[in-house]
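Structural features, examined
In case you want the letters, here they are:
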Amino acid sequence: GAASATGYGGAASATGNRGAASATGYSGAASATGYSGAASATGNRGAAVSLGPNAKARAGKGGWITLSEWKKNSESLERITVKTVRVDGKKIKADTFYTLKGGKFVVAE
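Conventions used here
Residues numbered from 1 in each chain as written. Predicted model: local features only at pLDDT ≥ 70, side-chain atom pairs only at ≥ 80, totals over all residues. Heavy atoms only, no water. Phe/Tyr/Trp six-rings, centres within 6.5 Å; stacked < 30°, edge-to-face > 60°. Lys NZ or Arg CZ within 6 Å of the ring centre and 35° of its normal. Helix = DSSP H or I, 4+ residues; strand = E, 2+ residues; numbered from the N terminus. Contact = heavy atoms within 4.5 Å. Core = buried A, V, L, I, M, F, W, Y, C linked by side-chain atoms within 4.5 Å. Buried < 20%, exposed > 50% of the residue type's maximum accessible area, 1.4 Å probe, protein only. Pairing = 2+ DSSP bridges. Patch = residues over 30% accessible without salt bridge, like charges linked within 9 Å, V, L, I, M, F, W, Y side chains within 5 Å. Areas by Shrake-Rupley, 256 points an atom, 1.4 Å probe, with all protein chains shown as cover. Salt bridge = Lys/Arg side-chain N within 4 Å of Asp/Glu carboxyl O. Lys, Arg positive; Asp, Glu negative; His and termini not counted. Charge placed at Lys NZ, Arg CZ, Asp CG, Glu CD. Polar contact = N/O pair within 3.5 Å; in protein donor to acceptor, adjacent residues only side chain to side chain.

1. Concerning the packing of aromatic side chains
Applying the stated criterion across every chain, the model contains zero aromatic pairs. Over the ring of F97 we find K56, and its NZ or CZ is 4.7 Å from the ring centre.

Below you can see the structure in the form of structure tokens.
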């Protein structure tokens, strides 16, 4: 599924495998759950949250990215951490998709 929101304070949410959520505009929020979900909040001060396995997210400068990391155990997948970072434009680049690996934010492939 895909969801999109534009304008001041818009919110978009996508669930299911490969869901994509996009929010543009001031203080927009995008969230994606499910396997390989992607969240994008490219407006000023937006927030992008993607919490499923193999997740990725991006936000504009001054925005926030929240991601989870998973590991496979003998029976299923297990979430092992959730982290949030502010997009400063230097260490975390604006409008660039990130994923969480080894507890660190890395540019998504």
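Next comes the rest of the description.
2. Structural notes on the environment of T42
Take T42: it is sitting in the loop between β5 (38–41) and β6 (47–50). In this structure the C-alpha to C-alpha distance between T42 and G60, which are 18 residues apart in sequence, comes to 4.5 Å.

3. Let's talk about the side chain of T66
Relative to the helices and strands, T66 resides in strand β8 (residues 64–72). Those residues within four positions of T66 in sequence are excluded, and the remaining contacts are A48, V49, S50, L51, V82, K83 and T84.

4. Quick notes on the nonpolar core
A57, I65, L67, I92, Y98 and F105 are the most contacted members of the largest nonpolar core, which has 14 residues in total. Elements represented by at least two residues in this core include exactly β5, β7 (56–59), β8 and β10 (98–101).

5. Points about the environment of E78
Within the fold, E78 resides in strand β9 (residues 77–86). Taking the C-alpha atoms as reference points, E78 and P53, 25 residues apart in sequence, are found 8.8 Å from one another. Among residues more than four places away in sequence, those in contact with E78 are E69, W70, K71 and N73.

6. Describing the pairing of β8
Relative to β8, β6 runs parallel, the two being bridged by four bridges. Residue A47 lies in a different strand from β8, and its bridge partner there is W64. As defined by bridge partners, β8 adjoins β9 across nine bridges and the pair is classed as antiparallel. Pairing of W70 across the sheet is with R79, part of β9. Linking β8 to β9, which pair antiparallel, is a turn of four residues.

7. Comments concerning a positive patch on the surface
A cluster of basic residues, R45, K61, R86 and K90, forms a positive patch at the surface. For R86, the location among the structural elements is in strand β9.

8. Looking at the side chain of S68
Turning to its location among the elements, S68 is positioned in strand β8. Among the polar contacts made by the side chain of S68, one reaches the main-chain carbonyl oxygen of L51 at a distance of 2.6 Å. Among the polar contacts listed, one links the side chain of S68 to the side chain of W70, at a separation of 3.0 Å. Setting aside residues up to four positions removed in sequence, S68 forms contacts with S50, L51, G52, R79, T81, V82 and L100.

9. Overview of the environment of E109
Mapped onto the secondary structure, E109 falls in the segment after β11 (104–107). Separated by ten residues in the primary sequence, E109 and T99 have C-alpha atoms spaced 8.7 Å apart.

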